[in-house]
Amino acid sequence: MPEGDTIFRTARALGRALIGKQITKFRSTYPLLTRFDDDVPLAGQTVEQVESRGKWLLIHFSGGATLATHMLMSGSWHIYKPGERWQQPRINMRIVIENGDYVAVGFRVPVAKMLKPQELARAAKIPPQAIDVLNENFNAGEVLRRMSTCADEEVADVLLHQEVLAGVGNVFKSEVCFVTGVNPFSRVVSLEHEKLTALIAAARRLVAANVLEDSGETIVTYGGRKRRTTHEADPGASLWVYGRAGEPCRRCGEGIRRRIQGPDARVTFWCARCQPMADGTDVDG
Ligand SMILES: [Zn+2]
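Given the structure is predicted, the values throughout are model-derived calculations rather than measurements. (Residues numbered from 1 in each chain as written. Predicted model: local features only at pLDDT ≥ 70, side-chain atom pairs only at ≥ 80, totals over all residues. Heavy atoms only, no water.)

Describing the packing of helix α6 (residues 170-179) against helix α7 (residues 193-209)
And then number 1: Relative orientation of the contacting elements α6 and α7 amounts to 125 degrees, with a least axis distance of 9 Å. On the basis of the axis angle, α6 is oblique to α7. For the element pair α6 and α7, the recorded crossing hand is right-handed. Every residue of α7 that contacts α6 at F172, E175, V176, C177 and V179 is listed here: L199, A202, A203, R205, L206 and V207. (Axes fitted to C-alpha atoms, helices over the stretch in contact; angles between N-to-C directions. Helix = DSSP H or I, 4+ residues; strand = E, 2+ residues; numbered from the N terminus. Parallel < 35°, antiparallel > 145°, perpendicular 65-115°, else oblique. Left-handed = near helix turned anticlockwise from the far one by under 90°. Contact = heavy atoms within 4.5 Å.)

Section: the sheet that holds strand β1 (residues 25-28)
And then number 1: If you trace the four strands from one edge of the open sheet to the other, you get β1-β6-β7-β5, paired in antiparallel fashion. This sheet does not close on itself; its edge strands, each paired only once, are β1 and β5 (76-80). Geometrically, the sheet is characterised by an average inter-axis angle of 15 degrees between neighbouring strands, direction not taken into account.
And then number 2: Both strand β6 (residues 93-98) and strand β7 (residues 103-107) contribute to a ladder of five bridges, which runs antiparallel. (Pairing = 2+ DSSP bridges.)

Description of the coordination of the zinc ion
And then number 1: Of the protein atoms, only C249 (SG), C252 (SG), C271 (SG) and C274 (SG) coordinate the zinc ion, at distances of 2.2 to 2.4 Å.
And then number 2: Each of the four donor atoms bound to the zinc ion contributes to angles spanning 99 to 114 degrees, and the resulting shape is tetrahedral.
And then number 3: For the zinc ion, all donor residues lie on one chain, and their spacing in sequence is C-x2-C-x18-C-x2-C. Placement of the pair is C252 in the loop between α7 and β9 (257-261) and C271 in the segment after β10 (266-270), with a sequence separation of 19 residues. (Donors = N, O, S within 2.8 Å, 3.2 Å for Na, K, Ca; no water. Tetrahedral: all angles 85-135°; square planar, octahedral: opposite > 155°, others 65-115°.)

Notes on the sheet that holds strand β3 (residues 56-61)
And then number 1: On the basis of which strands lie adjacent, the open sheet formed by four strands has the order β2-β3-β4-β8 and antiparallel pairing. A strand with exactly one partner marks an edge of an open sheet, and here the two such strands are β2 (47-53) and β8 (111-115). Looking at each pair of strands side by side, their axes are set apart by 15 degrees on average, direction ignored.
And then number 2: Here helix α1 (residues 4-18) sits on the sheet and contacts β2 and β3; the angle it forms with β2, its principal contact strand, is near 175 degrees.

Brief notes about the packing of aromatic side chains
And then number 1: Scanning the model with the defined rule gives six aromatic pairs in all.
And then number 2: Seen in terms of ring centroids, Y80 and W86 are 6.2 Å apart; in terms of plane orientation they differ by 15 degrees. Their pairing is stacked. A single burial state applies to Y80 and to W86, both of which are buried.
And then number 3: Aromatic ring contacts, followed pair by pair, group Y80, W86 and F107 into a single cluster.
And then number 4: Above the plane of the ring of W86 lies R90, whose end atom (NZ or CZ) is 4.1 Å from the centre.
And then number 5: When the ring centre of Y222 is taken as reference, the NZ or CZ atom of R250 above it lies at 3.9 Å. (Phe/Tyr/Trp six-rings, centres within 6.5 Å; stacked < 30°, edge-to-face > 60°. Buried < 20%, exposed > 50% of the residue type's maximum accessible area, 1.4 Å probe, protein only. Lys NZ or Arg CZ within 6 Å of the ring centre and 35° of its normal.)

Digging into unusual backbone geometry
And then number 1: Of note in this structure, R108 is not a glycine but carries a positive phi near 50 degrees.
And then number 2: Tracing the chain through its elements places R108 in the loop between β7 and β8.
And then number 3: Of note in this structure, A265 is not a glycine but carries a positive phi near 55 degrees.
And then number 4: With respect to the helices and strands, the residue A265 is situated in the loop between β9 and β10.

Examining the pairing of β6
And then number 1: In terms of residue burial, β6 counts as a mostly covered element, since five of its six residues are buried.
And then number 2: Both β1 and β6 contribute to a ladder of four bridges, which runs antiparallel. From the neighbouring strand, R27 faces β6, where its bridge partner is V96.

What about the pattern of salt bridges?
And then number 1: Within the structure shown, the criterion is met by seven salt bridges.
And then number 2: D5 is paired through a salt bridge with R9; the nearest N and O atoms lie 3.4 Å apart. Highlighted residues: D5 and R9, both in helix α1, separated by four residues, approximately one helical turn.
And then number 3: With a relative accessible area of 1%, D5 lands in the buried category.
And then number 4: Given the relative accessible area of 12%, R9 is considered buried.
And then number 5: Of the charged contacts, one joins D101 and K21 as a salt bridge, the two residues approaching to 3.7 Å between their closest N and O atoms. Residue D101 is located in the loop between β6 and β7, and its partner K21 is located in the loop between α1 and β1; the two are separated by 80 residues in the primary sequence. (Salt bridge = Lys/Arg side-chain N within 4 Å of Asp/Glu carboxyl O.)

As for the environment of L42
And then number 1: Looking at where L42 falls in the secondary structure, it is placed in the loop between α2 (31-39) and β2.
And then number 2: Residue classification places L42 among the buried residues on the basis of a relative accessible area of 0%.
And then number 3: Sequence separation of L42 and G63 is 21 residues, and the distance between their C-alpha atoms is 7.8 Å.
And then number 4: Residues in contact with L42, not counting those within four places in the same chain, are I23, F26, D37, F61 and M114.

Quick look at the structure:
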């Protein structure tokens, strides 16, 4: 599952290739999309905006419709020059949007729907801008309100709820808890308002730092602005705790712990000394 920063970078790249340009051709293997295109042709329209909302990628057309795609595990968007050889076989093609300069190809995109404005507003699964950590209209108060509806759940699980806070994946979840000194197994209700506010701010800061223009594909939370563009053999080399079970905490030297957490059985990493439970209890790693 790609993290929010990956989808954001895809949206930024697609935006550069598509925004403001007239579409010359639209194709898809999805009957619902081609039927929409038959009724309201996309050729001749322009792309007005491309944005990410958590793990969704939205392409807004001048005719008012929005193409919403969700990548799940398999999907990807590529941008080619006209006539350039595709890096995936044609059989994986699901959606093609062409203009005079570029060909944008959605490969193995598992979820794709064309939505009218009122349908987009009602689409419960697509997070609103207010709760997307990378959106300029982000509203921490709205996220706090939504977190309060999960008061009895463990905070690291709540950070993954895309309907509470969109764009934080499993790597950032552990990192955000570490940098704010919050034990990932704390229940939301046990955390002070200031801690919750700090968690939300850290989520925005860490994810945003990974979508800077010079960011590589590797997630970096440890090491300040030093970016790694080479492939690291150790996935935890640029991180505070994720992937570092048994290794010494970068702050206190205690062994980093690892544990499966939550109904979806996602792996969580933390330092028991830097991230104590608010009530003083311990959690086994
Ligand atoms: Zn520590």
